[in-house]
Amino acid sequence: MGNSKSGILSKELLEDLKLNTRYSEEELSAWYKSFQKECPSGRITIEQFQTIYASFFPDADPKAYAQHVFRSFDTNNDGTLDFKEYIIALHLTSTGKTVQKFEWAFSLYDVDGNGTISKTEVLEIVMAIFKMINADDQEDLPEDENTPEKRTDKIWDYFGKKENDKLTEGEFIQGITENKEILRLIQYEPQKVQDRLKEKKQ
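Since we're looking at a predicted model, the values are computed, not measured. (Residues numbered from 1 in each chain as written. Predicted model: local features only at pLDDT ≥ 70, side-chain atom pairs only at ≥ 80, totals over all residues. Heavy atoms only, no water.)

### Re the confidence of the model for the chain
For residues with low pLDDT, the predicted coordinates do not support detailed interpretation. So the rule is basically this: Per-residue confidence from the predictor is reported as pLDDT, which spans 0 to 100. Residue contacts are defined here by distance: any two heavy atoms, one from each residue, within 4.5 Å place the two residues in contact.
Of the residues in the chain, 87% have a pLDDT of 70 or more, and the chain-wide mean is 84. Confidence over residues 1-6 falls short of pLDDT 50; this stretch has two contacts with residues more than four positions distant or in other chains.

### Side note on the pattern of salt bridges
Worth spelling out the cut-off: Take a side-chain nitrogen of Lys or Arg and a carboxyl oxygen of Asp or Glu: if they are within 4 Å of each other, that pair is a salt bridge. Under the DSSP-based scheme used, a helix requires at least four consecutive residues in state H or I and a strand at least two consecutive residues in state E, with every element numbered from the N terminus. Exposure is judged per residue with a 1.4 Å probe applied to protein chains only, and the accessible area is read against the type maximum: over 50% gives exposed, under 20% gives buried, and values in between give partly exposed.
For the coordinates displayed, the defined rule picks out 14 salt bridges. In this structure, Arg-43 engages Asp-78 in a salt bridge whose closest nitrogen and oxygen atoms are separated by 3.4 Å. One end of the pair, Arg-43, is in strand S1 (residues 43-45); the other, Asp-78, is in the loop between helix H5 (63-73) and strand S2 (80-82), and 35 residues separate them in sequence. A salt bridge links Arg-43 to Glu-85; the shortest N-O distance between them is 3.9 Å. Residue Arg-43 is found in strand S1, and its partner Glu-85 is found in helix H6 (residues 83-94); the two are separated by 42 residues along the sequence. Taking relative accessible area as the criterion, Arg-43 reaches 30% and is therefore assigned partly exposed. A relative accessible area of 15% places Glu-85 in the buried class. Taken together, the shared-partner salt bridges in this structure form one network comprising Asp-144, Glu-145, Arg-151, Lys-154, Glu-181 and Arg-184.

### Structural notes on the packing of helix H7 (residues 99-109) against helix H11 (residues 169-178)
We count it as follows: Convention adopted: a line fitted to C-alpha atoms gives each axis, helices being fitted over their contacting stretch, and angles between N-to-C directions are expressed from 0 to 180 degrees. Reported orientations rely on four angle classes, namely roughly parallel under 35 degrees, roughly antiparallel over 145, roughly perpendicular from 65 to 115, and oblique for the rest. Crossing handedness follows the turn of the near helix against the far one: under a right angle anticlockwise gives a left-handed crossing, and clockwise gives a right-handed one. In this count, Pro and Cys sit with the nonpolar residues alongside Ala, Val, Leu, Ile, Met, Phe, Trp and Tyr, while Asp, Glu, Lys and Arg are called charged and the others, Gly among them, polar.
In the contact formed by H7 and H11, the axes pass within 10 Å of each other and the chain directions differ by 125°. Between H7 and H11, the crossing angle belongs to the class labelled oblique. Read as a crossing pair, H7 and H11 show a hand that is right-handed. Every residue of H11 that contacts H7 at Phe-102, Glu-103, Ala-105, Phe-106 and Tyr-109 is listed here: Glu-169, Phe-172, Ile-173, Ile-176 and Thr-177. By residue class, the composition of the contact of H7 with H11 is seven nonpolar, one polar and two charged.

So, in structure tokens, the structure goes:
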């Protein structure tokens, strides 16, 4: 075992995370213990992140989606996430409708990081989402959104954009704020993620 400092979450970080997420002190301490166990260096690589994500979705292939989630939180592009970035990532990908979450969703879909979203980028993320939906659930999807291409067309139409148009962050946030259908279409059902997180902690 390492020294006591490495096994205990600092009060400062704990307060910060309680303020910025919906997790309790007990939950954060439990996450920290498992984070320390899986990432003794205190940083998590993209491969480790994909493995953790895969354990939430044993019946699907979340690797591509996990890669995009990781990219959107690796703000300094150093190829790793620290504990705070990791918890914020879990929080934003699995909880309520906040402006913070919408801003994160924009950065997720802005694959090349140029400040706008193209239809191609929407398709790339939607394809990653579809890999996380098992075949049975895909069969239950409405006819006009049961393939990544159809779902992308539907999203793009809701935004009122032509094929080669671009979407700004303001337009993106306004669209998902005003139209719950867009919000539903752009995300992997957060409830499913939350359920998996709860199962994982038990």
